[in-house]
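# Structural overview for review
Listed below, chain by chain, are the residues.
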Amino acid sequence: GEDVEQSLFLSVREGDSSVINCTYTDSSSTYLYWYKQEPGAGLQLLTYIFSNMDMKQDQRLTVLLNKKDKHLSLRIADTQTGDSAIYFCAARESSASKIIFGSGTRLSIRP
Amino acid sequence: EAGVAQSPRYKIIEKRQSVAFWCNPISGHATLYWYQQILGQGPKLLIQFQNNGVVDDSQLPKDRFSAERLKGVDSTLKIQPAKLEDSAVYLCASSRTSGGTSYEQYFGPGTRLTVT
């Protein structure tokens, strides 16, 4: 089955760009997602990308997909303190609607 | 539009006791999901309902966990008896459909369970 991996921590300076990386194993995954989880809250869908795209931009967020390497990244431009959260990469299995989540990357912002 | 509601928000029980969680999805959402999120990990799907039928319960520990969605709206998840390793946040999510295109899942705030 699908396995999704991402680094556990990322620290960036306020105003810099943040890049969170993720790898997945199932090359036939149809949709790839980025979710944000703030303390004590559920997950909020930030953005998603179809597997036939290689880039998607939405305001400060840019998603890059390298299907050959099965690598997904999320770039947050002009990172703000409100971006502090855990970011989860997730992949939708090709054969069903099940979503497989990574373990999350905790983003912390330095002043 | 009201979001996904869950209760209680927190629960502390002793091992071998029973516990139940409740979820009310967004109105009109046919698909409901229960996830288990252990500290430091991503959510893991326990069970998925389409209306009042089970679509996927392959990762539900059926010897102790049960879930129902009798009228195709709200749902309860029960653990009986609880073990220490059940300590986690239990997240409920809903979506309009389980197939189709992107079908965004909307998550509730979760119930944090501590088993002592």
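Preceding this section is the structure that the text describes.
Given the structure is predicted, the values throughout are model-derived calculations rather than measurements.

## Considering the environment of Leu 32 of chain A
Residues and elements named next belong to chain A. With respect to the element layout, Leu 32 can be found in strand 4 (residues 31-37). Residue Leu 32 is classed as buried on the basis of its relative accessible area, which comes to 1%. If we skip the residues at most four places from it in the chain, Leu 32 touches Tyr 24, Thr 47, Tyr 48, Ile 49, Leu 65, Leu 72, Ala 90 and Ala 91.

## Considerations on the packing of aromatic side chains
Following the criterion strictly, the structure yields 15 aromatic pairs over all chains and no others. Measuring from centroid to centroid gives 5.4 Å for Tyr 35 of chain A and Phe 101 of chain A, while their planes differ by 55°, and the two rings are tilted. Residue Tyr 35 of chain A is found in strand 4, and its partner Phe 101 of chain A is found in strand 10 (residues 99-101); the two are separated by 66 residues along the sequence. Given the relative accessible area of 9%, Phe 101 of chain A is considered buried. A network of ring pairs unites the aromatic residues Tyr 31, Tyr 33, Tyr 35, Tyr 48, Phe 50, Phe 88 and Phe 101 of chain A together with Tyr 33, Tyr 35 and Phe 107 of chain B as a single cluster. The residue whose ring lies beneath Lys 56 of chain A is Tyr 48 of chain A, and the NZ or CZ to ring-centre distance is 4.1 Å.

## Quick word on the interface of chain A and chain B
The partner chain B presents 24 residues to the 18 residues of chain A that form the contact. Together, the buried faces of chain A and chain B total about 1,600 Å²; carbon and sulfur atoms form 49% of this surface. Taken together, chain A and chain B are joined by three residue pairs in polar contact (both at pLDDT 80 or more). Listing elements by their share of the side of chain A that touches chain B, those giving two or more residues are strand 4, strand 5 (43-50), strand 9 (85-92) and strand 10 of chain A. Residue classes in the side of chain A that touches chain B are distributed as ten nonpolar, six polar and two charged.

## Examining the sheet that holds strand 8 (residues 75-79) of chain B
All names here are of chain B. An order of 1-3-8-7 is seen for the four strands of this open sheet, with the pairing classed as antiparallel. Looking at strand neighbours, the two that pair on one side only are strand 1 (5-7) and strand 7 (65-68), the edges of this open sheet. Between one strand axis and the next, the sheet turns through 15° on average, direction left out of account. In the sheet, strand 1 pairs with strand 3 (residues 19-24) via three bridges, with the strands oriented antiparallel. When the bridges of strand 3 are listed, Gln 6 appears paired with Cys 23.

Criteria and cut-off values
Residues numbered from 1 in each chain as written. Chains lettered and ligands numbered in written order. Predicted model: local features only at pLDDT ≥ 70, side-chain atom pairs only at ≥ 80, totals over all residues. Heavy atoms only, no water. Helix = DSSP H or I, 4+ residues; strand = E, 2+ residues; numbered from the N terminus. Buried < 20%, exposed > 50% of the residue type's maximum accessible area, 1.4 Å probe, protein only. Contact = heavy atoms within 4.5 Å. Phe/Tyr/Trp six-rings, centres within 6.5 Å; stacked < 30°, edge-to-face > 60°. Lys NZ or Arg CZ within 6 Å of the ring centre and 35° of its normal. Buried area = accessible area lost by both parts, 1.4 Å probe. Polar contact = N/O pair within 3.5 Å; in protein donor to acceptor, adjacent residues only side chain to side chain. Nonpolar A, V, L, I, M, F, W, Y, C, P; charged D, E, K, R; others polar. Pairing = 2+ DSSP bridges. Axes fitted to C-alpha atoms, helices over the stretch in contact; angles between N-to-C directions.

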